[in-house]
Amino acid sequence: MTLHPTLRSTPALLAGTVLLAGSLAAHAASGLVFVANEKDNALTMIDAQTLVVVGTLPTCPRPRHLQRLPGGTRMLVACGDSGQADTIDLASHRVVDSAPIGHDPEVLDLSADGRLAYVSAEDDNALAVYDLAAKKEVGRVGLGPEPEGVKLSPDGRRVFVTSEVAGLVYAIDAATLKIVKSIPVGKRPRRLALTADGAQLWVTDEKSASISVISTADLEVIATIVFTVDGIAADGITPVGMVLAPDGRTMYVALGRANQVAFVDVASRKTRALVPVGRRAWGLASSSDGTRLFVAGGLSDDLTAIDTHTATPLKTIPVGHAPNAVLVDD
């Protein structure tokens, strides 16, 4: 494990953070849904209300992760084939900056100030930390094989990372990059999501057709949620992507090859609805008011818009090839 001293805050770093994040003034939302198409090196842009494709935005090769930067005016696009992250201005739809984030990045999370990117370096079996303003790696810690999901705790003190092969979630001290605990979960853990109060970390176990629920206080698995779909064997139910509803009451879980999205009640941990979507549902995102959910079909090259109140599909929208991540700017 290596650690660069710039992981600690200084006045100069804070100044750089302001430049990176852009204006913190109120963001006039574009009203668009952005879909990252891995095989097109581009994002499809869809009007969030009319559900009509309005354009295509070229980006770095193989876009795999989308995340809004602090201030809301810019979006980060992480690209697997170029080992970089493009910063896109959401108003002009232009790439305004780029930074290296290592070989074959897949998933990342950002520090609260938007300056540090915690990146799963899958081929290196590591979590790497990049300073986006300085454009360099500033820290690294070795993990089990094929790390993927990355999530910072709400207070920024810990970073959680999944290892698909080891079947573990690592709890890591964000300041020192020391592993606090390795937590056994289900088979092939993929993505992570926190409940609204930050007390629970949900982990999709792709090969167990389940979610492991971890107490962030005790760093122990406190529950397992198993998915069933009529007519589909357990090995055909492969949960990966998750997103919490804005009201914190429902976790939306994309069930991969089952071509369904599960609406899971957070309090009871019971599935209250299954909604059919495109083939290999992975990436998904909610509208800011929680009324619509957008789900990418990675093998059907489409995006399904869902009415969350009725748990019914509204429209299936053709996008690019191998859509993955989704971001709603409304």
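Residues numbered from 1 in each chain as written. Predicted model: local features only at pLDDT ≥ 70, side-chain atom pairs only at ≥ 80, totals over all residues. Heavy atoms only, no water.

Student: Lay out the overall build of the chain with the relevant residues and their values.
Tutor: Tallying secondary structure elements over the chain gives 1 helix and 29 strands in all. Relative to a compact globule of 330 residues, whose C-alpha radius of gyration would be 20 Å, the chain shows 18 Å and is just as compact. The principal-axis extents of the C-alpha atoms in the chain amount to approximately 55 × 45 × 35 Å. Counting only residues that meet the buried cut, the chain has 58% of its 330 residues in that class. Residue pairs in contact within the chain that sit at least 24 positions apart in sequence constitute 43% of those at least 6 positions apart. Accessible surface, the chain: about 13,000 Å² in total, of which carbon and sulfur atoms supply 52%. Taking the average place of the 30 positive charges on the side chains of the chain and the average place of its 36 negative ones, the gap between the two points comes to 2 Å. (Helix = DSSP H or I, 4+ residues; strand = E, 2+ residues; numbered from the N terminus. Rg over C-alpha atoms; globule rule 2.2 N^0.38 Å. Buried < 20%, exposed > 50% of the residue type's maximum accessible area, 1.4 Å probe, protein only. Contact = heavy atoms within 4.5 Å. Areas by Shrake-Rupley, 256 points an atom, 1.4 Å probe, with all protein chains shown as cover. Lys, Arg positive; Asp, Glu negative; His and termini not counted. Charge placed at Lys NZ, Arg CZ, Asp CG, Glu CD.)

Student: Now, about unusual backbone geometry: what can you tell me, with residues and values included?
Tutor: Phi is positive for Asn-125, which is not a glycine, with a value near 50°. Relative to the helices and strands, Asn-125 resides in the loop between β10 (116–121) and β11 (126–131). The backbone of Glu-146 sits at a positive phi, close to 55°, despite the residue not being glycine. Here Glu-146 is to be found in the loop between β12 (136–142) and β13 (147–152). Residue class for Glu-146 comes out partly exposed when judged on its relative accessible area of 27%.

Student: Account for the side chain of Thr-204, naming residues and giving values.
Tutor: One can find Thr-204 in strand β18 (residues 200–205). In this structure the side chain of Thr-204 is engaged in a polar contact, spanning 3.0 Å, whose partner is the backbone nitrogen of Arg-191. If sequence neighbours within four positions are ignored, Thr-204 has contacts with Arg-188, Pro-189, Arg-190, Arg-191, Ser-210, Ile-211, Pro-239, Val-240, Met-242 and Val-253. (Polar contact = N/O pair within 3.5 Å; in protein donor to acceptor, adjacent residues only side chain to side chain.)

Student: Tell me about the sheet that holds strand β26 (residues 292–297), and please be specific about residues and values.
Tutor: One open sheet accounts for 4 strands, arranged β25-β26-β27-β28; its pairing is antiparallel. Either end of the sheet is taken by a strand with one partner, and the two such strands are β25 (281–286) and β28 (312–318). Strand-to-strand twist across the sheet, computed as the mean angle between neighbouring axes with direction ignored, equals 25°. As judged from the 4 bridges shared by β25 and β26, these two strands associate in the antiparallel manner. Bridge pairing in β26 links Ala-281 to Gly-297. (Pairing = 2+ DSSP bridges. Axes fitted to C-alpha atoms, helices over the stretch in contact; angles between N-to-C directions.)

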